[in-house]
Structure formats: C-alpha cells, structure tokens
Amino acid sequence: MKAAQQLMKVFVTRRIPKDGLQALSESGICNIQQWDSDEPVPKEELLKGVIGAHGLYCMLSDKIDHEVLQAAGPNLKVISTLSVGFDHLSIDEIKKRGIRVGYTPDVLTDATAELTVALLLATSRRLMEATEEVKNGGWTTWKPLWMCGYGLSGSTVGIVGLGRIGLAIAQRLKPFGVKKFVYTGRQPRPEAAAQIQGEYVPLNKLAEESDFVVISCSFSPETKDMCNADLFSKMKKTAIFINTSRGAVVNQDDLYQALSAGQIAAAGLDVTVPEPLPTDHPLLSLKNCVILPHIGSATYATRNTMSVLTANNLLAGLKGEQMPSELKL
Ligand code: NDP
Ligand code: DGY
C-alpha cells in the first residue's frame, strides 16, 4: 500500500453504485474524495473538491467548465463521466489542457432503447391518462370511443439520430409491425439503416411523413432547439413526438403550443430543460404530454455497469493506459 501522499487524488462528485467505488478503491492508486450524496454536488463544493485532483469522476449534472478546470489545476489528467452524453463538459477547454475523457457508450444502449419504447407506448396509448381515470372514477364503463390512441402497426417511424441508441430503438419497434423507418442525421448511415431498411431523409421530410418522431441524437449547438414551431408545424396532427436525448434539443414553449393547439397528438419526454422540471411548468398541465425524470439508463444492472466502466476509464487514464471507452477529442 502506497503512502497517502503518493496516491493520486480522485474526486467523485456523487454517491455511486458500490461496484464502481470498489473498483477505484481496490486499484490501490487513488486517494478517493467523494461528495457522498444522492444530490448533485453544489458548485462551491465541486470547486473545492477538485483542487489538486488527478482524476475527476463526474456525471451529467456536473458542468465541467473553465472555472472547474482552473480550480483543479495542472494535476488533472483525466475526467471520466458516468454518461454517454458529454454536453456538460467544456470539450474545447479540456482538449486545450490535454486532459483525457472517458464516457459510457454501448453499456446503456439497451436500457435506454427499452425505456424509449416504453415511453412511446405509454404516450401513444395514453397509459398515464388511463390509469388516472381508473383512480378518479372517470372509468364508468367500456366505451367504444374512449381513451383511443395510436398504434405502431402499419406506421412510419422517424428516427432523428440513427446512432447506437437510435438504431436499438428502431430494432425494438420493428416487430410491432412498423411499415417504414425514415431517419435523419448529418449524413446517411447505410450500415445501420440496412438493419431496419431505413430511408435517409431531410428532417422536414421526416416530420411530414412520420406517425412517430423519435429524437435520439446527441446535443450540440447544431441540435439545440432543433425541434421547434417550424418542425411541429410540418408534423401530422396525429403524430407522437418522443425525446430521450437531451431536453435542449426541443424548444419547450413551441412544444407546449403545438400540443395545446392540437398541432400534434402527444409528446413523451424523458429529458427536459431544466431538470428537474418545475412542478408548475405548463407542459405538466397537459394530458397529452408524458414526462419522465431522465430515467433512460436507469436499470440496476446498467447503472452498476456504467459505474464500473467509469471507474475503469478513470484508472486507465491515471495509469496512462488505453481506456475501455475514451472519447475522441
Ligand atoms: P451516438 O453518438 O451513437 O448517436 C448520436 C446520434 O446523433 C448519431 O446518430 C448522430 O448522427 C446524431 N446527430 C449528431 N448531430 C446531429 C445533427 N446535427 N442532426 C441530427 N442528428 C445528429 O450516441 P448514443 O446513441 O449512444 O446516444 C445519443 C444521445 O442519447 C446521447 O448523446 C445522450 O444525450 C442521450 N442519452 C440519453 C439517455 C437518457 O437517459 N435519456 C441515456 C443515454 C443517452 P450523425 O453522426 O449521422 O449526424
Ligand atoms: C447519458 O448517459 O448521457 C444519459 O443521459 C444518462 O444515462
């Protein structure tokens, strides 16, 4: 066992699954300091915690910006995030400082795709509204025209971002009898598309043709507010809009207008701006909007695997070795 002063300081910004913490502690190379809470570390504690750190184990709610990097100082060699999304990291600043970044692609793809399908079905078949009616006495009898929604069979599904998760969503939806997949992105993805016989189309065409629009792209300045009044105006009145990527891809005021005016049928969101969404937010007043608290990857097994991968990325970075999942900067 090395003396404490020879160990490398690692700051962990949250309580994490025990296997992840164990991987760090059993490595014998780190002196772990942790914000041991289920709640995010306050900025001032983060600024204190990172001082002199060699490694930072963080998550998507921690904004790792110039101020944090300055506070950390020149020791900081590796940032490992418990997420596949990395829009909370100031990549340009990180790159300038030669810091390596680990993240968690692939291991959460299945869980997130599964949740997206659950959200899509809950939204299109009005499950939240329906269970509410059971509880409040609104269920008086079986009625032919009551609680009808939209089915996947024979539908066209549009995937915005046919990446790892986008493809996994499409693969899961296919057996429901989807007639056609269209997708969009910065360029065609022929290999992925071949697996679902998907057609590459511009975003506007996808909006016009799709019965279900599923957003699974990454967040960037380019995708910010991509789903706005203009896009909603091109969608079918019967269309279902689903977002499990990042909240800021959607202009929420425009979505509220589109949903309340009946311009589109319903929306299901796993991600919002801000998170948590204030409980008096207008979107929460709409029956045709289902909102989940960013639980895409939330299965016990997935979060455990993510925590270990995040630890292993960090340890490899600290040792100057190849990381299991390193973000190419
Ligand atoms: P990938 O990198 O595999 O996929 C990202 C996709 O975004 C690519 O298909 C890319 O397509 C597309 N994309 C990027 N820029 C644009 C653009 N300007 N217009 C349209 N499409 C674009 O990542 P993953 O599939 O693994 O993850 C996707 C995102 O899902 C993450 O970045 C994260 O934000 C979110 N996520 C949310 C979770 C949740 O809990 N709700 C869980 C996990 C992830 P192309 O390169 O062809 O443009
Ligand atoms: C991610 O990994 O980017 C998700 O949003 C949480 O798992």
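The paragraphs below set out a description of the structure included in this document. (Residues numbered from 1 in each chain as written. Chains lettered and ligands numbered in written order. Predicted model: local features only at pLDDT ≥ 70, side-chain atom pairs only at ≥ 80, totals over all residues. Heavy atoms only, no water.)

Some points on the pattern of salt bridges
What counts, and what does not: For this analysis, a salt bridge means a side-chain nitrogen from Lys or Arg found within 4 Å of a carboxyl oxygen belonging to Asp or Glu. Going along the chain from the N terminus, every DSSP run of H or I of four or more residues is numbered as a helix, and every run of E of two or more is numbered as a strand.
A full pass over the atoms with the stated rule returns 18 salt bridges. For Arg172, the salt bridge goes to Asp110, with nearest N and O atoms at 3.0 Å. Residue Arg172 is found in helix 7 (residues 164-173), and its partner Asp110 is found in helix 5 (residues 109-124); the two are separated by 62 residues along the sequence. In this structure, Glu209 engages Lys180 in a salt bridge whose closest nitrogen and oxygen atoms are separated by 3.5 Å. Remark: Lys180 occurs in strand 7 (residues 180-184) and Glu209 occurs in helix 9 (residues 203-209); sequence separation between them is 29 residues.

Things to note about the pairing of strand 11 (residues 266-269)
Rule in force here: Remark: exposure states derive from per-residue accessible area (1.4 Å probe, protein chains only) relative to the maximum for the residue type, with buried under 20%, exposed over 50%, and partly exposed in between. In this description, strands pair whenever DSSP reports at least two bridges between them. Handedness of a crossover: with both strands directed away from the viewer, a clockwise path from the first strand across the helix to the second marks it as right-handed.
Here strand 11 shows two buried faces, one formed by Ala266 and Gly268 and the other by Ala267 and Leu269. Pairing of strand 10 (residues 240-243) with strand 11 involves four bridges; the strand directions are parallel. Paired with Phe241 across the bridge in strand 11 is Ala267. Handedness of the crossover is the feature at issue here: the chain leaves strand 10, passes through helix 11 (residues 252-260), returns alongside strand 11, and the resulting connection is right-handed. Direction of pairing for strand 11 relative to strand 12 (residues 289-291): parallel, over a ladder of three bridges. Each residue of the ladder has a partner; that of Leu269, found in strand 12, is Ile291.

A closer look at the packing of helix 5 against helix 7
Stated precisely, the cut-off is as follows: Orientation is described by lines fitted to C-alpha atoms, with helices fitted over the stretch in contact, and by angles between N-to-C directions that extend from 0 to 180 degrees. Every angle not falling under 35 degrees, over 145, or within 65 to 115 is termed oblique; those three ranges are roughly parallel, roughly antiparallel and roughly perpendicular. For any helix crossing, the convention is left-handed if the near helix is rotated counterclockwise from the far helix by under a right angle, and right-handed if that rotation is clockwise. Contacts are assigned to residue pairs with any non-hydrogen atoms lying within 4.5 Å of each other. As a working rule, the residues Ala, Val, Leu, Ile, Met, Phe, Trp, Tyr, Cys and Pro are called nonpolar, Asp, Glu, Lys and Arg charged, and the rest polar, with Gly in that last group.
Where helix 5 meets helix 7, the axes come as close as 8 Å, and the angle between the chain directions of the two elements is 55°. As summarised for this structure, helix 5 and helix 7 are arranged oblique, according to the angle between their axes. For the pair helix 5 and helix 7, the crossing hand works out as right-handed. Of the residues in helix 7, those touching helix 5 at Thr109, Asp110, Thr112, Ala113, Glu114, Thr116, Val117 and Leu120 are Arg164, Ile165, Ala168, Ile169, Arg172 and Leu173. Class assignment for the residues of the contact of helix 5 with helix 7 results in seven nonpolar, three polar and four charged.

Some words on the sheet that holds strand 1 (residues 8-12)
If you walk across this open sheet you meet the five strands as 2-1-3-4-5, and the pairing is parallel. Each having just a single partner strand, strand 2 (30-34) and strand 5 (100-102) make up the two edges of the open sheet. Pairwise comparison of adjacent strand axes, ignoring direction, gives a mean angle of 20° for this sheet. As paired strands, strand 1 and strand 2 are joined by five bridges and run parallel to one another.

Comments concerning the site of ligand 1
Inclusion rule: Whether a residue is near a molecule or strand is decided by its heavy atoms; if any one of them lies within 4 Å of it, the residue is near. Pairing of N or O atoms within 3.5 Å defines a polar contact, subject to two protein rules: one partner must be a possible hydrogen donor and the other a possible acceptor, and residues neighboring in sequence count only if both atoms are side-chain atoms. The Shrake-Rupley method, run with a 1.4 Å probe, gives the accessible areas here. Residue values count only the displayed protein chains as cover.
Not every one of the 26 residues close to ligand 1 is listed here, only the nearest: Gly163, Ile165, Arg186, Arg189 and Asp270. Here an oxygen atom of ligand 1 and a backbone polar atom of Gly163 are 2.9 Å apart. Protein burial of ligand 1: of its 920 Å² of free accessible surface, 90% is covered by the chains. By residue class, the composition of the shell around ligand 1 is six nonpolar, 14 polar and six charged.

That is the geometry; function is a separate question.
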